[in-house]
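Close look at the chain arrangement
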Amino acid sequence: MAVCWWLLILFTSCSAHNDFFTSIGHMTDLLFTEKDLVASLKDYIRAEENKLEQIKKWADKLDVLSAAASQDPEGFLGHPVNAFKLMKRLNTEWGELESLVLTDMSDVFISNLTIQRQHFPNDDDQTGAAKALIRLQDTYQLDTNIISTGELPGTSSDASLRSALTVDDCYDLGKVAYSEADYYHTELWMVQALKQLDQGETSGAVDAVTILDYLSYSVYQQGELERALDFTRRLLALDPAHQRANGNLKYFEYQLEKHKKVEDREKQEAEEKQKKETLSRSDDYLPERKKYEQLCRGEGLRMTPRRQSRLFCRYYDNNRHPRYVIGPVRQEDEWDRPYIVRYHNIVSDKEMEKVKELAKPRLRRATISNPVTGVLETAHYRISKSAWLGAYEHPVVDQINQRIEDITGLDVTTAEDLQVANYGVGGQYEPHFDFGRKDEPDAFEELGTGNRIATWLLYMSDVQAGGATVFTDVGASVWPIKGTAVFWYNLYPSGEGDYRTRHAACPVLVGNKWVSNKWIHERGQEFRRRCGLQETD
């Protein structure tokens, strides 16, 4: 029975540490683990140094003795004490020295490392963090050199808080992209690795030949034959016997000659047609992904100055609610259509820290509901960890729930528990709806409380760069401010979904983003938010 409990504890411990890269909060634990390991390593180094110091003293003493004895061996051993000590050294003391030399001082360190290694990140974590860097590079249009030097927008001026990428790091990022057949990013990061090598940086794991091999193939896959040929020639200048490069050289030269002889008129015509289509498109012609990334960078906001002038800040008491008549809350209009408001200083630092403290041990990889099967599953477009807190678990959670009800005027007894989320490296949640659509009739059926009528989103940390909440359909960007909450209705009063509320959490570029959500459902709001007669009322 004891063995079963031990296995259960071990499994729970291991499962709790999966997907480290999806939560900065959990990654902080790794820093302290590494700090303990460094202290253990230093103890081991000191033990080895003490051991070597003892051996050195012994060697130095015998060196002096041997030098004196070798000048007159018979005269030296003619002294009975010297003869006795020689017998004793060879019979006893050299044996003790052998034992000292063979003593393994690493036992404690290796034991500690073996225990801690169970909770280390794995290959998936490293790959996930690499993909996050590449995602940040695309979303915020960052140059590889900016990322490599660590001088990201919003970073502290304190150099100790910045890390630079080595040649090996850049090479590994390129390899991750290569494994995904992402030859564009393979090229970018291999070029950066090569650049740092050319600038004199050294590497013990990779050389220019290996990098050039990846580069020639990645640019070839992108259809750039001349560049592929250039990289191959540069490789052969360093390693003339490189078998694959010699084969590629002949193939690239043949293909290049073939392309020069045959004029690809269809391609030219297609390019001309594409140009005309591009010129005829309106500025609003943007795929959602591009629009999402623009909004994350603070670009492409659609609100006109006239509409902007109609947004106000006010003191709000929710129709003279008893709790807020004397101390109303500060309310700020963030957007008009759909109506999105922000409430300032809505929770205290102490309350937010308590919520984080309650949630952190229970953080698990955030999931999405599969629209076809309804099954909860992880997704590459949602990089965060979350935990659910019930009102009964702590007075602070109950107080926050009551505050939400008092301010919104909606019944929260049928709402979902408070969801606390912490985002990881490049943490994001790509565009989605909070409410269940018509093609998802069973989205919240098991709850029995109807659809999600409204969303309350509380920001529990400031974010130095990135991490905005953007509404891709209308072009709104709402930036995290610690202690504030934004609120919007997902449904029209008629109960129809408001598709303008499609929103996303932008990747966190620099910082640690904590939020909590309260999804309020239709049940219980019948007399608090009455139905409209029109579909979009």
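Heads up: these notes are all about the structure in this document. Numbering of residues starts from 1 in every chain and runs along the sequence as written. Given that this is a predicted model, residues contribute local features only at a pLDDT of at least 70 and side-chain atom pairs are listed and counted only at 80 or more, while totals for whole chains, interfaces and linings are drawn from all residues. Where side-chain values are given, they derive from all heavy atoms of the structure, hydrogens and water being excluded.

What about the nonpolar core?
Take the buried Ala, Val, Leu, Ile, Met, Phe, Trp, Tyr and Cys residues and link them wherever side-chain atoms come within 4.5 Å; each set so joined is a nonpolar core. The rule is simple: take the accessible area with a 1.4 Å probe, protein chains only, and divide by the maximum for that residue type; under 20% is buried, over 50% is exposed, in between is partly exposed. Tyr140, Trp189, Ile211, Leu215, Val470, Cys506 and Leu509 are the most contacted members of the largest nonpolar core, which totals 46 residues. By the criteria applied, helices consist of DSSP H or I runs no shorter than four residues and strands consist of E runs no shorter than two, each listed in order from the N terminus. Of all the elements in the fold, those that place two or more residues in this core are α6 (123-139), α8 (167-179), α9 (183-198), α10 (208-221), α11 (225-238), α12 (243-261), α14 (288-296) and β16 (508-510). Grouped together as the second largest cluster of nonpolar side chains are 34 residues, Tyr324, Val341, Trp456 and Trp514 included.

Some details on the packing of helix α2 (residues 24-71) against helix α5 (residues 107-117)
All axes here are fitted lines through C-alpha atoms, helices being fitted over the stretch that makes contact, and every angle between N-to-C directions spans 0 to 180 degrees. Remark: α2 packs on α5, axes separated minimally by 9 Å, with the N-to-C direction vectors making an angle of 165°. On the basis of the axis angle, α2 is roughly antiparallel to α5. Along this stretch, α2 crosses α5, giving a crossing that reads as left-handed. Counted together, Thr33, Asp36, Leu37, Ser40, Leu41 and Tyr44 of α2 and Phe109, Asn112, Leu113 and Gln116 of α5 form the full contact between these two elements. Gly is put with the polar residues, along with every residue not named as nonpolar or charged; the nonpolar set is Ala, Val, Leu, Ile, Met, Phe, Trp, Tyr, Cys and Pro, and the charged set is Asp, Glu, Lys and Arg. Considering only residue class, the contact of α2 with α5 consists of 5 nonpolar, 4 polar and 1 charged. Here is the rule for angles: anything less than 35 degrees is roughly parallel, anything more than 145 is roughly antiparallel, 65 through 115 is roughly perpendicular, and the remaining ranges are oblique. Handedness of a crossing follows from how the near helix is turned relative to the far one, being left-handed for an anticlockwise turn of less than a right angle and right-handed for a clockwise one. By definition in these notes, contact holds between two residues if any of their heavy atoms fall within 4.5 Å.

Looking at the packing of aromatic side chains
We call Phe, Tyr and Trp rings a pair once their centres come within 6.5 Å, taking the six-membered ring for Trp, and we label the pair stacked below 30 degrees between planes, edge-to-face above 60, and tilted otherwise. All chains considered together, the criterion is met by 20 aromatic pairs. On the numbers, 5.8 Å between centres and 75° between planes, the contact of Tyr171 with Tyr214 is edge-to-face. Of the two residues, Tyr171 is situated in helix α8 and Tyr214 in helix α10; the sequence distance between them amounts to 43 residues. Note on accessibility: Tyr171 and Tyr214 belong to one class, buried. Distance and angle both matter: a charge sits over a ring if NZ of Lys or CZ of Arg is within 6 Å of the ring centre and within 35 degrees of the ring normal. Sitting above the plane of the Trp519 ring, Arg452 keeps its charged end 3.8 Å from the centroid. When the ring centre of Tyr423 is taken as origin, the NZ or CZ atom of Lys513, which lies over that ring, is 4.7 Å away.

Focus: the packing of α2 against helix α4 (residues 80-102)
Where α2 meets α4, the axes come as close as 10 Å, and the angle between the chain directions of the two elements is 150°. As the angle between them shows, α2 and α4 are arranged roughly antiparallel. The hand of the α2/α4 crossing is left-handed. Counting all contacts with α2, which are made through Lys51, Gln54, Ile55, Trp58, Leu62 and Leu65, the residues of α4 involved are Arg89, Glu93, Trp94, Leu97, Leu100 and Val101. Split into classes, the residues belonging to the contact of α2 with α4 amount to 8 nonpolar, 1 polar and 3 charged.

Considerations on the side chain of Thr33
Position of Thr33 relative to the elements: it lies in helix α2. Setting aside anything within four residues of it in sequence, one finds Thr33 in contact with Gln116 and Phe120.

A word on the pairing of strand β10 (residues 452-459)
Within β10, 8 of the 8 residues are buried, which leaves it mostly tucked inside the rest of the structure. Note: β10 against strand β14 (residues 485-489), 5 bridges, orientation antiparallel. By the bridge assignment, Leu458 is partnered in β14 with Ala485. In this scheme, strands are said to pair when DSSP sees at least two bridges between them.

Considering unusual backbone geometry
Residue Pro338 is reached from Arg337 by a cis peptide bond, and omega for that bond is 5°. Looking at the element boundaries, Pro338 is found in the loop between β2 (329-335) and β3 (340-344). Unlike most non-glycine residues, Asn318 shows phi in positive territory, near 50°. Along the chain, Asn318 turns up in the loop between β1 (313-316) and β2.

Things to note about the pairing of strand β7 (residues 384-389)
With respect to burial, β7 is a largely interior element, 5 of its 6 residues being buried. Sheet analysis places strand β4 (residues 364-365) next to β7, joined by 2 bridges and oriented antiparallel. Bridge assignment links Arg365 to a residue of β7, and that residue is Lys385. The pairing of β7 with strand β8 (residues 418-423) spans 6 bridges and is classified as antiparallel. Paired with Ser384 across the strands is Tyr423, a residue of β8.

Structural notes on α6
Expected span, for any helix, means 1.5 Å times one less than how many residues it has. Between the first and last C-alpha of α6 there are 24 Å, a value that for 17 residues agrees with the 24 Å anticipated at 1.5 Å per step. What α6 keeps buried is the set Asp125, Gly128, Ala130, Ala132, Ile134, Arg135, Leu136, Gln137 and Thr139. Among the structural elements, α7 (144-149), α8, α9, α14 and β16 are those in contact with the buried residues of α6. Distance and chemistry together define a polar contact, namely a pair of N or O atoms within 3.5 Å, with one atom able to donate a hydrogen and the other to accept it when in protein, and with adjacent residues in sequence counting only for side-chain atoms on both sides. The opening residue of α6, the one whose side-chain oxygen lies 3.1 Å from the backbone nitrogen of Asp124, is Asn122. Backbone geometry just downstream of α6 places Gln141 in the positive-phi region, at approximately 50°.

Remarks on the environment of Pro328
With respect to the helices and strands, the residue Pro328 is situated in the loop between β1 and β2. Residue classification places Pro328 among the partly exposed residues on the basis of a relative accessible area of 29%. Expressed as a C-alpha distance, the spacing of Pro328 and Tyr316, which sit 12 residues apart in the sequence, is 5.2 Å. Dropping the residues within four chain positions of it, Pro328 is found in contact with Tyr315, Tyr316 and Asp317.

Thoughts on the sheet that holds strand β13 (residues 476-478)
Strand order across the open sheet formed by 4 strands is β9-β15-β12-β13, with antiparallel pairing between neighbours. Of all strands in the sheet, those bounded by a partner on one side alone are β9 (429-432) and β13. Geometrically, the sheet is characterised by an average inter-axis angle of 15° between neighbouring strands, direction not taken into account.

Thoughts on the pattern of salt bridges
Every case where a carboxyl oxygen of Asp or Glu lies within 4 Å of a side-chain nitrogen of Lys or Arg is listed as a salt bridge. As enumerated under the stated definition, the model contains 30 salt bridges in all. We note a salt bridge from Arg452 to Glu416, for which the minimum N-O separation is 2.7 Å. Here Arg452 is found in strand β10, whereas its partner Glu416 is found in the loop between α17 (395-408) and β8, with 36 residues between them in sequence. Each of the two residues, Arg452 as well as Glu416, counts as buried. With a shortest N-O distance of 3.3 Å, Glu496 and Lys438 are connected by a salt bridge. Here Glu496, found in the loop between β14 and β15 (503-505), pairs with Lys438, found in the loop between β9 and β10; they are 58 residues apart in sequence, far enough to count as distant. Connected via shared salt-bridge partners are Glu187, Glu224 and Arg227.

Here we look at the sheet that holds β8
Read from one edge to the other, the open sheet built from 9 strands follows the order β1-β2-β3-β14-β10-β17-β8-β7-β4, with strand pairing classed as antiparallel. Single-partner strands in this sheet number two, and they are β1 and β4. Note: β2 against β3, 5 bridges, orientation antiparallel. Bridge pairing links Asp333 to Val341 in β3. On the sheet, α2 packs against β7, β8 and β17 (514-521) and is oriented at approximately 55° with respect to β8. Strands β7, β8, β10 and β17 of the sheet are contacted by helix α16 (residues 349-359), whose axis makes an angle of about 100° with β7.

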